[in-house]
Amino acid sequence: MEPLLKVQGLSVNFSGLKALSDVTFDSFAGEVRAVIGPNGAGKTTLFNAISGYVPSTAGQIFFKGEPLHGLAPHDISVKGVRRTFQTGGLFPEMSALENVLAGLHVQIESGFFGIVLGLAEAREAEREGILRAKRLLDLMDLGAAAEQPVKDLSGGQQRMVEIVRTLATEPPLLLLDEPVVGLSPPMRDRMMDIIRRLAGEEGIGIMLIEHVIDLVMSGSDTIVVLSSGELIAEGTPEEVRQNREVLEAYLGHA
Amino acid sequence: MKSFLIKCMFGAMALGVLLIGNTVKAEDWETTGLTDKAIKVGVMGPFTGNASSYSKTQIGLMAYFKHINDQGGIHGRKFEMFPEDTACAPAKGIAAAKKLVHQDKVFYLHGNSCSAVAMAVKPTVSPTGIPWIIAHAVNPKITMPVNEKKSIYHGVPAGPAYGSTMGEFVMSKPGAKRIAMITHTNDWAKAYCDPAIKVIKATGGEIVLEQALERGQTDATAQVLKLKGAKPDFILGCLYEAETVIFLRDAKKYGLRIPVMGTAGTDLENTLERLGDKDAVKDYYVLHAFVDKVDGPKMKKWNDIILKYNPDETITGFSAVSMASGVAAVKALQNVGPDLTRSKFIAELDKIKGLSTGILACDITWSATDRHGCKKSAVAGFVDGNPTVLSSWGKPW
Amino acid sequence: MEKKNGNTSLITSNQLRWFYYLVPVAALIIPFVANEYLLWIVNAILVYTLVTVGFNIIIGNLGQLAFANTAFFGIGAYTSAILMVYGGVPYTLSILMSAIVGGLAGFLASVTALRGIRLYYLAIITLAFGELMRWVYLHGDDVTKGSDGLRIPDDIFFLGIPLDSEVPKFFVFLLLAVLLVKATSNLMRSRIGRAIVAIRENEATTASLGIHTARYIVLAFVWSGSVVGVAGAMFAVLTERVLPEAFGLTEVIIHFGMVLVGGTGSIVGSVIGAITLTTLPEYFRQFPGMDELFFGIIIVLVLLFLPKGIVSLLWRISPAFKERYYRD
Amino acid sequence: MDIFLQLTLSGLSQGAIFALIALSLTVVYRATTIVNFGHGDFVMAGAFFVYVLVIYVELPYVFAAISAVLIMLGMGLGVSRGFIDPIKAGPHIGFAMMSISLGYVLRGGARFLWGREVFPMPRVFDIEPFFIGNLVVTGDVLFISAIVAVFLLIFFFIFYRTTTGVIIQAVYQSERGATLIGVNVRAFHQSMWGVGLAMGALAGILIAPISLLHPDLGATFLIRGFAAMTLGGFGSLGGAVVGGLLLGVAEQLFGFYINSSLQDITAYLIIVAVLVIRPAGLFGRTVTVRV
């Protein structure tokens, strides 16, 4: 099977400090791939590098065979690699609906003049977008909260809104940075359920950063372990569980 | 929906034009702002803002009107004053003018300190034909050429009168030929300096150096050193009060001992008080619109009027300036007699010839073709350490 | 109407839309009841409405502390005046040119923001831009007539209507204001408006949604510059003489005050701000010398007790007044 | 050469004032990330308090000056507590407007109370100008330079050589960290507002005898303070001082060697030039964000 994402020899330096060095792996459609590692291992840096938020020092990233390295974040997003952020990824003053609509930005095809002049086509495009966003929110039981500013929603709802927003354009690859942090255990399970369903039923490739090892072990197909910027292990949860290097890395930093 | 809106608008527009066109009637216009008991007069001035020290002149003018009221008024009518703030800001000034003309409906306008505001207000006031006496602003273009309705008068020396006095005084110094300038780069400074340059050039002088010193500057070292290098015989200084002080201070500091000719925006006493150094003002000559020193015996009568109605007021060189045109206006109003109209008022203003007000050093003369009522000014300078009013170099007034 | 969250407000957003359409229609009565002075104030309000609506896009929607607004205003006024005086260009066309030149100035200002300069640093640089423009007006004597100001011609027509008194000016200004406010409202309640607000909320996240942030920053500045440029062209005709003094730092502060008093990021708020801070100084004429004091105190009070502006009082009446970044 | 030196000397004494104002702005900015847009008016207020205390209360000048500085220190605490804290949750736009409005209140108050008058500020010393070679040195230059120099020495000594200074630096670096070691960040912000306004007042007191005292005194200095901050590097303490001095000298040199009508806009030209050439200024760290 052709990999969705190919990361080859990726290195990122921050003013001399190696945040990532020579990381190589492939990621596939329909797969939930967890990225784990101790604090400072470079997990978020990896996401940032893939999504264009930090420039890579060396190495290459391909998505569906096309190079991503060197592109700006918005271009990478348009190509179909979407991500969430650890914290503060939402637009707090905007309503849930508006957040999701912003996620649909590239799919709403209304031109500048059409919008300014209030032409029928532009309004139609907007209307379709709104219907779609409302449908998505309803699917996640967020219909009632659609009109409220997201800053007034509960932590769990906020996470959901962010996922909905990120999924709105049906991206082939999703990078989720700690999607369940701060959620209650039942919410957490529900979220993992949704993630699994997205991969299994919609065939979306998902990469996620997670600290709760139980969830990672039960919820992911493949695990990538980073330590001090290096990829030290890759494999199924079972394989990783038995990897000695991984244990050392965790204990060494614990 | 939208097209309906637009139709509505144009319909109403047409109606509005019709209505307005029909509201102004000739007789109304002549006596607007008059009752048997009162003459409404609008007094625009910079009562707030960074030029509010000029508004002392409107205070003076209004004190004079109150004084006339207390003497029984004019043919039974008393001045009812409508002071309006312009803050020396164009938009605010226009609003003030519109208010006076269209809401308070004054009989005539008298005042204005800031030339920029007067220029901004002119398109509003001029077409109405309401008499308007400029009592402080100096820009000559406010009044000349005469506006279509022939309704605007200058009651103080305008730029050319002041400026040519400056030029004449400078050239009256024996041997004066090489003249240098230090000015603000605004219309106010130009109104003084340009006519002065004209006179200087016409009488055989030359401008050897031009230096700019902008408002708010607190150091004139660069300018003083340049001027010193140019070795002029006389320096023309078109600067406001604060900058004049800074310039004179630095001139003394760097040993620039050349006479300086200043504008009516400054006066000798205040400049001395601010500098606190007699030596630094020794060579400073300044336009002096009045017949006497600001606190001189001939001015006492006028200063007393101001103080009677404004006991806390500090008298400066601005205080009495506008009173002179007040005297002229009162004279014209008296000459009209009890049947006052705007046209008659304008006719009487045009008949004022050689009116010696006892305030300004010039006699006021107006005509239908020349509205610069005041053609010259005196100069003040220190003679033997005493402030003295002069008519030319070394000659007392 | 189809509110699912049990909204029991008195006014629905649909009714409100009709109310908004009614406001300019109701305003048509003003010339029949107001004298020239009051009408002048109303016309000034219409000009300042566009100034505030334009400024609010940068300050409120895009959330950038850029103070180039007064520069756009002056540039618009001078563009229109210069074209009419020297080029004999009809007023209607000169308005269009003011919009274009204002937009270009907006583009120029956006370059600083694109260089990653933000907050107070951006504020100071844009202030400097405005003051440099004023210096140009003052010293461009041959064209701008320096501090004498540029007198615009007497015979000015807008689509054949002579603008020789406040009444025709009122109708023309009202038309321009309604059209531009409506266009801006269309823009802000579309994907473009959402992108602009999203950038304010979180620039990094916005890019992750495939939104080309730089493009929308430029767009916001250009639109703001154009709207304010048109306001400048209107101001030129309103005051009949374009003077450098009219575009100084005080004016910056007044514009800023209008945005904040009305309500940041709100079009209704912009209108309220323009009305409030145009009429209050006229009201305060009866207390001479206290202008600045009142102005300062009012804004301090609004900031302390109505941080979202006067418009937030309307929200208490009905949440329908809250502007959304989409339209039903 | 003489002329050049004379211009430089004059520029430095002007620049000392700009430096003081830029530094006082920076102190507040570094602590609270707020730039006080009303600072010019606080500078003016400082000078007005001296005037009131000398003329009406008849205090000796030095006591009046010290009292005025202390009053402004208190005012800084009050401003922070009463006007900035309550709007803390809001955006920076609110802070900018708040500082402008407070400035307006002060200016309006000064204008309301003293209105149309412009005051000569009482002189402190009247030292006859003296010569160093061909260089003229006046009492004003000497007085301003000396006071600012002494003040800067004390300021930077406290900042870099005392425990208080180390704590202040620590809070500048990380407020969260400072909270952990027991620093009351709120009180810290308030005191930095106090210090900032007090320093501004000092600048006002020094300049008022030269510029005369009027309600609009502060406006021209504020923009020069901004230019000095920008030139030195936005947020850099040392940069503010160097930027102020350089700006003072640049104004003089521009005025003499290029065109005196440019003197007035030197500050603006410098701001724009810094933006084009080096947005971080002379000593600044990166102040830009990636777009």
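Bear in mind the structure is a predicted one, so any value in this text is a computation, not a measurement.

The next point concerns the overall build of chain B. Counting its secondary structure elements, chain B contains 14 helices and 16 strands. Expected size for 397 residues packed as a compact globule is a radius of gyration near 21 Å; at 23 Å, chain B falls within 12% of this value. Once the C-alpha set of chain B is aligned to its principal axes, its extents read approximately 70 × 60 × 40 Å. Looking at chain B as a whole, 66% of its 397 residues are labelled buried. Once local pairs closer than 6 in sequence are excluded, the contacts in chain B between residues at least 24 apart make up 69%. By element, 56% of the accessible surface of chain B is carried by carbon and sulfur atoms, the whole surface being about 13800 Å².

Glancing now at the overall build of chain A. The secondary structure content of chain A amounts to 10 helices and 10 strands. Summarising its shape, the C-alpha atoms of chain A cover approximately 60 × 40 × 35 Å along the three principal directions. In chain A, buried positions account for 54% of the 254 residues. Of the contacts made within chain A by residues no fewer than 6 positions apart, 67% connect residues no fewer than 24 positions apart. Element-wise, carbon and sulfur atoms account for 52% of the exposed surface of chain A, whose accessible area totals about 10900 Å². Both charge centroids of chain A, one from 22 positive and one from 34 negative side chains, sit 2 Å from each other.

Moving on: the sheet that holds strand S10 (residues 230-235) of chain A. Residues and elements named next belong to chain A. Taken together, six strands build an open sheet; the order of strands is S6-S7-S8-S3-S9-S10 and the sheet is mixed. Strand pairing shows two members of the sheet lacking a second neighbour, strand S6 (81-83) and S10, which therefore form its edges. Adjacent strand axes in the sheet meet at a mean angle of 20° when their direction is disregarded. Running over the sheet, helix H1 (residues 43-50) touches strand S3 (32-36), S6, strand S7 (173-177), strand S8 (205-209) and strand S9 (222-227) and is turned about 140° from S8. Set on the sheet, helix H6 (residues 155-167) makes contact with S6 and S7; between it and S7 the angle comes to about 155°.

Many structure descriptions define interface size as the accessible area lost when the parts assemble. Contact with chain C, which involves 44 residues of that partner, is made by 45 residues of chain D. Sorting the residues of chain C by area buried against chain D places Tyr120, Tyr121 and Glu292 of chain C first, and these three jointly supply 21% of that buried surface. For Glu292 of chain C, the salt bridge is made with Arg111 of chain D, and the minimal N-O distance between the two is 2.6 Å. One can count six residue pairs in polar contact (both at pLDDT 80 or more) joining chain C with chain D. Of all the secondary structure elements, the ones that give two or more residues to the side of chain C that touches chain D are helix H5 (91-114), helix H6 (119-139), helix H11 (213-239), helix H12 (249-262) and helix H14 (291-305) of chain C. For the side of chain C that touches chain D, the leading source of residues is H6 of chain C, giving 12 residues. Partitioning the side of chain C that touches chain D into residue classes produces 29 nonpolar, 10 polar and five charged.

Attention shifts here to the packing of helix H2 (residues 39-55) of chain D against helix H3 (residues 61-84) of chain D. The axes of two packed helices give the description: the angle between them and the distance between them. All names here are of chain D. It is the contact of H2 with H3, at a shortest axis distance of 8 Å, that shows an interaxial angle of 140°. Taken as axis vectors, H2 and H3 run oblique relative to one another. Seen along the crossing, H2 lies across H3 with a hand that is right-handed. Residue-level contacts link Phe42, Ala45, Gly46, Phe49, Val50, Leu53 and Val54 of H2 to Tyr61, Ala64, Ala65, Ser67, Ala68, Ile71, Met72, Met75 and Val79 of H3. Partitioning the contact of H2 with H3 into residue classes produces 14 nonpolar, two polar and no charged.

Moving on: the interface of chain B and chain C. Of the residues lining the interface, 38 residues belong to chain B; the matching set on chain C comes to 35 residues. Taken together, both faces of the contact between chain B and chain C bury some 3600 Å²; the carbon and sulfur share is 70%. On the surface where chain B and chain C come into contact, there are four salt bridges. Residues Glu84 of chain B and Arg285 of chain C are paired through a salt bridge, measuring 2.9 Å at the closest nitrogen-oxygen approach. At the surface where chain B touches chain C, the tally comes to 10 residue pairs in polar contact (both at pLDDT 80 or more). For the side of chain B that touches chain C, the secondary-structure elements that each account for two or more residues are helix H1 (2-23), strand S2 (78-85), helix H4 (90-103), helix H5 (115-125) and helix H7 (187-202) of chain B. Taken together, the residues that form the side of chain B that touches chain C break down as 22 nonpolar, seven polar and nine charged.

All names here are of chain A. Of all the five residues making up S7, five are buried; the element is thus mostly covered by neighbouring parts of the structure. By the alternation rule, side chains of S7 split into Leu173, Leu175 and Asp177 and Leu174 and Leu176, which are all buried. Two strands pair when backbone bridges link them, and S6 and S7 are joined in this way by three bridges, in the parallel orientation. Opposite Val81, over in S7, you have Leu173 as the bridge partner. Between the parallel pair S7 and S8, the chain is carried across by helix H7 (residues 185-202), and the sense of this crossover is right-handed.

The next subject is the nonpolar core. Core analysis: the biggest nonpolar cluster contains 216 residues, and Phe67, Tyr91 and Phe256 of chain C together with Phe37 of chain D have the highest contact counts within it. With 16 residues, the top contributor of residues to this core is H11 of chain C. Contact partners of Phe67 of chain C, with chain neighbours within four places excluded, come to Phe55, Ile59, Ala123, Thr126, Leu127, Val252 and Phe256 of chain C together with Phe37 of chain D. Ranked by size, the runner-up nonpolar core spans 100 residues in total, among them Ala63, Phe82, Ile130 and Phe169 of chain B.

All names here are of chain A. Examined at the domain level, chain A breaks down into domain 1 (1-80 + 171-254) and domain 2 (92-170). Relative placement of domain 1 and domain 2: their C-alpha centres are 27 Å apart. Each side of the interface is counted separately: domain 1 has 16 residues, and domain 2 has 12 residues. Both faces considered, domain 1 and domain 2 share a buried interface measuring about 1100 Å² in area, 78% of it formed by carbon and sulfur atoms. Asp141 serves as the salt-bridge partner of Arg190, at 4.0 Å between the closest nitrogen and oxygen. Along the contact surface separating domain 1 from domain 2 lie one residue pair in polar contact (both at pLDDT 80 or more). Mapped onto the side of domain 1 that touches domain 2, the elements with two or more residues apiece are S7 and H7.

So, about a nonpolar patch on the surface. Residues and elements named next belong to chain C. On the surface, a cluster of nonpolar side chains totalling about 460 Å² of accessible area is made up of Leu93, Leu96, Met97, Ile100 and Leu104. Positionally, Leu93 belongs in helix H5. Assessed through its relative accessible area of 44%, Leu93 is described here as partly exposed.

Glancing now at the state of the cysteines. Across all of its chains, the model carries three disulfides over all chains by this definition. Counting its disulfide-bonded cysteines in sequence order, chain B shows a connectivity of 1-2, 3-4, 5-6.

So, on to the domain arrangement of chain B. All names here are of chain B. By domain assignment, chain B separates into domain 1 (38-157 + 297-366) and domain 2 (160-288 + 379-396). With centres defined by C-alpha atoms, the gap from domain 1 to domain 2 works out at 29 Å. Between domain 1 and domain 2, the residue contacts involve 11 residues of the former and 14 residues of the latter. Contact between domain 1 and domain 2 buries roughly 960 Å² in total, counting both sides, with carbon and sulfur atoms accounting for 62%. Applying the counting criterion to the domain 1 and domain 2 interface returns zero salt bridges. Looking at the side of domain 1 that touches domain 2 residue by residue, the class counts come to seven nonpolar, four polar and no charged.

Inspection of the entire model under this criterion finds 49 salt bridges over all chains. With a closest N to O distance of 3.2 Å, Arg127 of chain A and Glu124 of chain A form a salt bridge. One end of the pair is Arg127 of chain A and the other is Glu124 of chain A, both in helix H5 (residues 120-139) and three residues apart, which spans about a single turn. What makes Glu124 of chain A partly exposed here is its relative accessible area of 35%. Residues Lys190 of chain B and Asp141 of chain C are paired through a salt bridge, measuring 2.5 Å at the closest nitrogen-oxygen approach. Pair noted here: Lys190 of chain B is in helix H7 and Asp141 of chain C is in helix H7 (residues 141-144), and the two residues belong to different chains. Looking at Asp141 of chain C, the relative accessible area reads 27%, which means it is partly exposed. Look at the salt bridges and you will find they share partners, linking Lys98 of chain B together with Arg151, Asp154, Glu166, Lys169 and Glu240 of chain C into a network.

Moving on, we come to H4 of chain B. Over its 14 residues, H4 of chain B extends 19 Å from the first C-alpha to the last, a length consistent with the 20 Å expected when each residue adds 1.5 Å. Buried within H4 of chain B are the following residues: Pro90, Lys92, Gly93, Ile94, Ala95, Ala96, Ala97, Lys98, Lys99, Leu100, Val101 and His102 of chain B.

Our focus in this paragraph is unusual backbone geometry. A cis amide bond, omega -5°, links Met144 of chain B with the succeeding residue Pro145 of chain B. You can see Pro145 of chain B is positioned in the loop between strand S4 (132-134) and strand S5 (152-157). The phi dihedral of Asp22 of chain A falls on the positive side, at around 50°, and the residue is not glycine. Take Asp22 of chain A: it is sitting in strand S2 (residues 17-27). Here the phi dihedral of Asn112 of chain B falls at roughly 75°; this positive angle occurs in a residue that is not glycine.

The rules behind these values
- Residues numbered from 1 in each chain as written.
- Chains lettered and ligands numbered in written order.
- Predicted model: local features only at pLDDT ≥ 70, side-chain atom pairs only at ≥ 80, totals over all residues.
- Heavy atoms only, no water.
- Helix = DSSP H or I, 4+ residues; strand = E, 2+ residues; numbered from the N terminus.
- Rg over C-alpha atoms; globule rule 2.2 N^0.38 Å.
- Buried < 20%, exposed > 50% of the residue type's maximum accessible area, 1.4 Å probe, protein only.
- Contact = heavy atoms within 4.5 Å.
- Areas by Shrake-Rupley, 256 points an atom, 1.4 Å probe, with all protein chains shown as cover.
- Lys, Arg positive; Asp, Glu negative; His and termini not counted.
- Charge placed at Lys NZ, Arg CZ, Asp CG, Glu CD.
- Pairing = 2+ DSSP bridges.
- Axes fitted to C-alpha atoms, helices over the stretch in contact; angles between N-to-C directions.
- Buried area = accessible area lost by both parts, 1.4 Å probe.
- Salt bridge = Lys/Arg side-chain N within 4 Å of Asp/Glu carboxyl O.
- Polar contact = N/O pair within 3.5 Å; in protein donor to acceptor, adjacent residues only side chain to side chain.
- Nonpolar A, V, L, I, M, F, W, Y, C, P; charged D, E, K, R; others polar.
- Parallel < 35°, antiparallel > 145°, perpendicular 65-115°, else oblique.
- Left-handed = near helix turned anticlockwise from the far one by under 90°.
- Right-handed = clockwise from strand over helix to strand, strands pointing away.
- Core = buried A, V, L, I, M, F, W, Y, C linked by side-chain atoms within 4.5 Å.
- Domains from an automatic or database assignment.
- Patch = residues over 30% accessible without salt bridge, like charges linked within 9 Å, V, L, I, M, F, W, Y side chains within 5 Å.
- Disulfide = S-S within 2.5 Å.
- Expected span 1.5 Å × (residues − 1).

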